[in-house]
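# Topology and contacts: notes
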Amino acid sequence: MAAGFGFCVTHRDGLARRGVIDTPHGPVDTPVFMPVGTRATVKGVLPRDLAEMGARIVLGNTYHLYLRPGDALVARHGGLHRFMGWDGPTLTDSGGYQVFSLGDRCRLSEAGAEFRSHLDGSTHLLTPESAADIQARLGADVAMVLDECTAFPATPDVAARSLERTARWAARARARHLAIAAGETDVVPSTPGQAQFGIVQGGVHDDLRRASAEATIAVGFEGYAIGGLSVGEPVDVMYDVVEHTAPRLPADRPRYLMGTGMPDDLVESVARGIDLFDCVLPTRNARNGQLFTRRGPLSIKNARYAEDPRPVDPDCGCPVCRRHSRAYLRYLFVAGEMNAAALNTLHNLHFYLDTMRRIRKAIEFGTFGTFKREFLETYSRRNLND
Ligand SMILES: [Zn+2]
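Before going into details, it helps to say that this report is about the structure given with it. (Residues numbered from 1 in each chain as written. Predicted model: local features only at pLDDT ≥ 70, side-chain atom pairs only at ≥ 80, totals over all residues. Heavy atoms only, no water.)

All right, on to the nonpolar core then. Leu 50, Met 144, Tyr 256 and Phe 368 are the most contacted members of the largest nonpolar core, which has 102 residues in total. Per-element tally for this core: the top contributor is helix H14 (residues 338–365), with 11 residues. Beyond its immediate stretch of four places on either side in the chain, Leu 50 contacts Pro 35, Val 42, Val 45, Ala 55, Val 58, Trp 86 and Leu 349. (Core = buried A, V, L, I, M, F, W, Y, C linked by side-chain atoms within 4.5 Å. Buried < 20%, exposed > 50% of the residue type's maximum accessible area, 1.4 Å probe, protein only. Helix = DSSP H or I, 4+ residues; strand = E, 2+ residues; numbered from the N terminus. Contact = heavy atoms within 4.5 Å.)

Encoded structure:
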């Protein structure tokens, strides 16, 4: 364990876990949702508002920050926290997902991923070691290893080769991370005590997921993520993978389900032992006018809200619902006012953070099963009659 980082489970309800992660920038109550701040800013929200609505840990994107403004510049300005004006904990992904999404602008080898920047076409090589270096300079509390995100669908053969490479990369990333922490490199970490999480891949093949989990655990990390999901597979398949993978991960380390976060995914995955989530959904959908409420999602641009004096969600205590009507929010959206995005984002993030608060309370009280059943009556994408 890196100094300054720790995890303990305080309550259990079935497989659901209530816990606390200690980081160099303070504790994080789990299960937790991490708002996505791709370019060192959560689109449309001020850090002050994030803190006020109870966000505890924010995600940054290594690929974007490496290309612009550059990890060296961020380090010169005190690291990611000081640079973006966020005092709380942060996590950076490795950049692998974005690099592999570049398609034919990315070439993969054992060394790493060579890619051309989407900004100016310049060529870069992202390796397990350089991803660790960049993240040490950015200085998030939690760094992720560079992994190869297996496409869906993938044949068992392709998935197997992909996860074997991911395992070799994990060992290289860990060695580099430990060397940086020990002061054996010329990389100066912006946050001493940064933790590093490994990533389990393996597509939707159970034997490959098991092999990947074993290989990743053998390297040894402060926490473990399940990657390569929410890439087009049916939700039931995704929940099955989570159900079989989570219990194979060490019980005393946090478990992070990467990039997955429809409201029902949060509840279904907590029920299977997941502690951390991130997803662009609440923020991206807010900018498109989709708002989440206790009674289900609504599209604020719909003409039926033109004269509606009610708040977006009568059960929501967020500043938007306390002050503004659906009629006003619809008008802002249709008029293309930038505060439409700001207010919609505030409400949606509040809904997500509040859902996680309710999940944590339910686990504490031992009523998570009831909470889950009621929540899924509104939000499940599965056939509830199954
Ligand atoms: Zn609200």
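The strand order E4-E14-E13-E12-E11-E10-E6-E5 describes an open sheet built from 8 strands, whose pairing is parallel. Both edges of this open sheet fall to strand E4 (32–34) and strand E5 (58–60), since each of them pairs with a single strand only. The sheet shows a mean angle of 25° between the axes of neighbouring strands, taken without regard to direction. Sheet topology note: the strand E6 (residues 90–92)/strand E10 (residues 142–144) ladder contains 2 bridges and is parallel. From the neighbouring strand, Thr 92 faces E10, where its bridge partner is Ala 143. (Pairing = 2+ DSSP bridges. Axes fitted to C-alpha atoms, helices over the stretch in contact; angles between N-to-C directions.)

Turning our attention to the pairing of strand E15 (residues 290–293). Sheet topology note: the E15/strand E16 (residues 296–299) ladder contains 4 bridges and is antiparallel. Looking at E16, one finds that Thr 293 is bridged to Gly 296. A loop of 2 residues connects E15 with E16, the two strands running antiparallel in sequence.

Here we take up helix H13 (residues 326–335). What H13 keeps buried is the set Arg 326, Ala 327, Leu 329, Arg 330 and Leu 332. Looking at the residues trailing H13, positive phi occurs at Gly 336, about 75°.

With that settled, consider the packing of helix H10 (residues 263–270) against H14. Where H10 meets H14, the closest approach of the two axes is 11 Å, and the angle between their N-to-C directions is 20°. In terms of axis orientation, H10 runs roughly parallel to H14. Two packed elements cross with a definite hand, and for H10 against H14 that hand is right-handed. Across from Pro 263, Leu 266, Val 267 and Val 270 in H10, the residues of H14 making contact are Phe 351, Tyr 352, Met 356, Ile 359 and Ile 363. For the contact of H10 with H14, a count of residues per class yields 9 nonpolar, no polar and no charged. (Parallel < 35°, antiparallel > 145°, perpendicular 65-115°, else oblique. Left-handed = near helix turned anticlockwise from the far one by under 90°. Nonpolar A, V, L, I, M, F, W, Y, C, P; charged D, E, K, R; others polar.)

With respect to the secondary-structure elements, Val 32 resides in strand E4. Considering only alpha carbons, one finds Val 32 and Arg 272, 240 residues apart in sequence, at a separation of 14 Å. If near-sequence neighbours (up to four positions away) are discounted, Val 32 is found in contact with Ile 57, Asp 275, Leu 276, Phe 277, Met 356 and Arg 360.

We now examine the pattern of salt bridges. According to the stated counting rule, one finds 28 salt bridges in the structure shown. A salt bridge links Arg 172 to Glu 129, with the shortest nitrogen-to-oxygen separation between them at 2.9 Å. With a gap of 43 residues between them, Arg 172 in helix H7 (residues 156–181) and Glu 129 in helix H6 (residues 128–138) connect regions that are remote in the sequence. The partner of Glu 364 in a salt bridge is Lys 361, with the nearest N and O atoms 3.3 Å apart. Highlighted residues: Glu 364 and Lys 361, both in helix H14, separated by 3 residues, approximately one helical turn. Judged by its relative accessible area of 26%, Glu 364 falls in the partly exposed class. A single network of salt bridges, built from pairs that share partners, joins Asp 236, Glu 243, Glu 268, Arg 272 and Arg 382. (Salt bridge = Lys/Arg side-chain N within 4 Å of Asp/Glu carboxyl O.)

This next bit is on the packing of aromatic side chains. Counted according to the given criterion, the structure contains 13 aromatic pairs. Consider the rings of Phe 371 and Phe 375, whose centres lie 5.6 Å apart with planes at 25°: the pair is stacked. Taken together, the residues span about one helical turn, with Phe 371 and Phe 375 both in helix H15 (residues 368–379) at a distance of 4 residues. What makes Phe 371 buried here is its relative accessible area of 11%. With a relative accessible area of 6%, Phe 375 lands in the buried category. One aromatic cluster in this structure is built from Phe 33, Phe 292, Phe 351, Tyr 352, Phe 368, Phe 371, Phe 375 and Tyr 379. (Phe/Tyr/Trp six-rings, centres within 6.5 Å; stacked < 30°, edge-to-face > 60°.)

Purely geometric stuff here, so don't read any function into it on its own.
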